[in-house]
Amino acid sequence: MKRKQILLCAALLLGAASCRAQPPANSPAPQGGTPLFPGEVRAFKAYGTGPDSSGFGVMPVSGQPFSDALRLTTIKEPPRFYDYGATAPLTAAIHKGDVVWVSLWARRITSRRESGEAQVEVALLQKVGEREVRPLERVISFGPQWTQFTIPFLVRNDSEVGQARLGFRYGYSPQSVEIGGMRLLNFGPNVKLEDLPRTRVRYDGWAANAPWRKAANERIEKHRKGEVTVRVMDAAGKPVPAAKVQVRMKRHAFAWGTAIDDTRINDTKDPDNARYHQTVETYFNKVVIENSLKWGRWIEPKYRDQALASLPWVEARNLPLRGHVMVWPSWQHSPKFLADLKNDPSALKKAVSDHIADQTKTLAGRAAEWDVINETYAHHDIIDILGRDIMVDWFRQARLGAPKSKLFYNDYTMFQKGPGSQYFYDTVKFLKDSGAPIDAIGEQGHFASSPPGIPDVLATLDKFGNLGLPIQISEFDIDTDDPGLQTDFMRDFMTAVFSHPSVMGVMQWGFWEKSHWLPRAALWDANWNLRPHGQVYVDLTTKTWWTNADGATKKDGIYKTRAFYGDYEVTVTQGDKSRTQKFTLTPTTTVLRVNLP
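Attention here is on the structure that accompanies the text. (Residues numbered from 1 in each chain as written. Predicted model: local features only at pLDDT ≥ 70, side-chain atom pairs only at ≥ 80, totals over all residues. Heavy atoms only, no water.)

Looking at the environment of Arg-113
So, point 1. By the element assignment, Arg-113 lies in the loop between β7 (99-111) and β8 (118-128).
So, point 2. The exposure class assigned to Arg-113 is buried, which follows from its relative accessible area of 14%.
So, point 3. Put simply, Arg-113 and Gly-575 are 462 residues apart on the chain and 63 Å apart in space, counted from C-alpha to C-alpha.
So, point 4. Those residues in contact with Arg-113 that lie beyond four places of it in its chain are Ala-118, Gln-119, Ser-141, Ser-173, Tyr-412, Gln-416 and Ala-448.
So, point 5. A polar atom in the side chain of Arg-113 sits 3.0 Å from the side chain of Gln-119. (Helix = DSSP H or I, 4+ residues; strand = E, 2+ residues; numbered from the N terminus. Buried < 20%, exposed > 50% of the residue type's maximum accessible area, 1.4 Å probe, protein only. Contact = heavy atoms within 4.5 Å. Polar contact = N/O pair within 3.5 Å; in protein donor to acceptor, adjacent residues only side chain to side chain.)

Here it is, written out as structure tokens:
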């Protein structure tokens with residue numbers, strides 16, 4: 001079933017909100033529409049509810065322009081999102097060509113989504129003969145603040161009274177939400193969709209003149225660049241003036257990486273895979289195998305073999321490899337046999353230890369980085385049995401098996417407001433204080449349609465940076481079909497994290513629509529066309545934050561320029577004499593001596 005889902009921002013236009021929905025909260029209804037719904041939440045009837053599946057109720061509300069709201073709860077995610085829902089009948093007929101405007105309010109109570117948001121599909125359901133048609137199918141995504149959403153849409157079929165219903169379908173990952181203040185107005189066939197108010201997405205720091213921008217660019221200049229000095233000498237050791245100098249960047253010191261599909265790396269016959277290889281080589285300087293190193297797959301020979309088979313290609317291109325992940329400590333994300341050991345802590349502890357030893361031995365010296373532990377905020381079954389200190393043991397075992405790898409704790413709640421972010425901070429601090437050999441922090445950075453404001457991002461990085469560990473955005477993507485939001489946030493988030501001295505890199509969690517867990521988040525579409533946010537990525541990483549410079553030496557044989565840290569080829573020419581040398585610019589290595597023959 002095809003569904004057009006437009007994820008909309010969810011946060012009030014208040015000082016505490018990091019993302020704003022436009023028009024402002026409590027915007028008045030446009031004049032002239034015919035009401036199609038009385039706004040009474042008790043008109044809704046639920047389906048798919050059960051004590052182990054989902055819940056439905058009506059809750060009182062204060063401080064809002066409505067007095068009660070639906071409480072919709074997903075306890076266990078069903079096979080299909082529309083298996084849980086609530087609907088209410090329209091009180092008037094609608095006809096083909098009518099333009100209908102919907103307004104409602106929503107807030108998240110709880111959510112297990114990695115972005116921290118909840119989501120609900122708003123739908124208009126019409127009975128047309130034996131079919132059900134849906135002229136409105138929009139997914140709204142929202143955070144903990146009450147937020148108003150306004151959505152105009154076009155009706156394509158007639159429905160008499162009782163043949164059309166307003167519905168909320170909420171069978172997504174476990175969550176609890178409240179929805180209230182529903183209004184439906186029919187403006188008939190003579191109003192244009194674009195003339196009615198529609199929710200638009202803006203986040204704090206979006207404006208072109210936002211104060212954070214100047215400071216970020218100054219930090220980039222300070223922390224990501226240095227002065228390179230090329231000193232040219234002749235065979236007698238004397239300075240060579242007026243020599244032509246070309247400085248060409250080859251690879252950035254900052255990690256611009258991506259998750260890769262090892263099956264595509266191993267297949268050299270498919271033309272799409274050839275393009276896939278080329279794109280990885282051209283636009284990324286670090287990789288992580290997306291799935292095959294996860295424990296549940298690692299123990300299957302098929303996945304272990306395909307992961308190992310992809311490594312020669314990765315290593316031949318000098319692409320550092322991230323290992324993801326040793327321990328994802330829940331029954332859901334571990335091999336099935338592990339849950340059978342829940343009543344035998346000694347055997348459970350040994351099984352995890354044996355796995356860490358096996359994986360580090362098999363990949364000895366081949367992984368530059370490892371996610372030792374993943375997502376304990378939401379996935380902690382094993383820790384509940386073995387105790388919190390077991391995480392320190394896992395890090396020590398990982399260090400024993402991978403002494404030269406950078407060891408990470410990885411989670412997804414850093415940029416969420418509230419307990420999730422504090423848990424993340426406290427966990428890393430606990431690991432450090434307990435002597436775990438933790439080297440870095442991995443924040444996944446999966447965002448949807450209510451991303452955090454840029455000032456909040458920078459403040460959070462300041463807080464976590466005080467822990468004294470480098471931070472990597474380890475699984476970055478923006479899942480929304482609002483291309484304006486996607487493009488703007490890609491530009492601003494990348495700028496913010498690149499500017500922060502604690503951040504060491506950004507890993508896209510895939511890049512091509514046909515090989516991405518969230519296809520609309522991919523930088524390239526299925527036909528290898530760069531999407532607008534993909535163009536932002538390419539422009540920033542290969543143009544704006546890239547150094548190619550030309551000049552000439554002065555009388556003292558010296559040429560200087562400021563350049564981004566990374567690997568370079570420097571070519572010096574005078575007359576018929578020329579020499580090219582490789583050079584890596586770091587904060588401590590800034591002088592290159594070139595001797596012309």
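Quick notes on the pairing of strand β28 (residues 577-585)
So, point 1. With 9 bridges joining them, strand β27 (residues 566-574) and β28 adopt antiparallel strand pairing. Across the sheet, the residue bridging to Tyr-568 is Phe-583, located in β28.
So, point 2. Here β27 folds back onto β28 in antiparallel fashion, the turn holding 2 residues, of which Gly-575 has a positive phi close to 60 degrees. (Pairing = 2+ DSSP bridges.)

Observations regarding the sheet that holds strand β29 (residues 591-595)
So, point 1. An order of β26-β14-β29 is seen for the 3 strands of this open sheet, with the pairing classed as mixed. Among the strands making up the open sheet, the edge pair consists of β26 (558-564) and β29. Ignoring strand direction, the axes of neighbouring strands in this sheet form an average angle of 25 degrees.
So, point 2. Sheet topology note: the strand β14 (residues 225-233)/β26 ladder contains 7 bridges and is antiparallel. (Axes fitted to C-alpha atoms, helices over the stretch in contact; angles between N-to-C directions.)

Points about the layout of surface pockets
Rolling a probe over the atoms, with the probe sized like a water molecule, indicates the empty space that remains.
So, point 1. Considering only enclosed or pocket space, the largest pocket measures out at about 960 Å³ in volume.
So, point 2. Around the largest pocket, the lining is made up of 37 residues, and of these Arg-112, Arg-113, Glu-114, Ser-173 and Trp-517 lie nearest the centre.
So, point 3. Those elements giving two or more residues to the lining of the largest pocket turn out to be β22 (446-447) and β23 (471-478).
So, point 4. By residue class, the composition of the lining of the largest pocket is 12 nonpolar, 13 polar and 12 charged. (1 Å grid on protein atoms, 1.4 Å probe; cavity = no way out; pocket = protein on both sides within 12 Å on 5 of 7 lines; lining within 4 Å. Points joined across faces, edges and corners; volume = space filled by probe spheres on them. Nonpolar A, V, L, I, M, F, W, Y, C, P; charged D, E, K, R; others polar.)

Re the packing of aromatic side chains
So, point 1. On inspection of all chains with the given rule, the structure shows 36 aromatic pairs.
So, point 2. With a centroid separation of 6.0 Å and 85 degrees between ring planes, the pair formed by Phe-511 and Trp-524 is classed as edge-to-face. Of this pair, Phe-511 sits in the loop between β24 (503-508) and α13 (532-544) while Trp-524 sits in the loop between β24 and α13; the two residues are 13 residues apart in sequence, bridging distant segments of the chain. Considered together, Phe-511 and Trp-524 belong to a single accessibility category, that of buried residues. (Phe/Tyr/Trp six-rings, centres within 6.5 Å; stacked < 30°, edge-to-face > 60°.)

Focus on the packing of helix α7 (residues 345-362) against helix α9 (residues 390-401)
So, point 1. In the contact formed by α7 and α9, the axes pass within 9 Å of each other and the chain directions differ by 25 degrees. One finds that α7 runs roughly parallel with respect to α9. In the packing of α7 onto α9, the handedness of the crossing is right-handed. For the pair α7 and α9, the contacting residues are Lys-349, Val-352, Ser-353, Ile-356 and Thr-360 in the first and Ile-390, Asp-393, Trp-394, Gln-397, Ala-398 and Gly-401 in the second.
So, point 2. The class makeup of the residues in the contact of α7 with α9 is 5 nonpolar, 4 polar and 2 charged. (Parallel < 35°, antiparallel > 145°, perpendicular 65-115°, else oblique. Left-handed = near helix turned anticlockwise from the far one by under 90°.)

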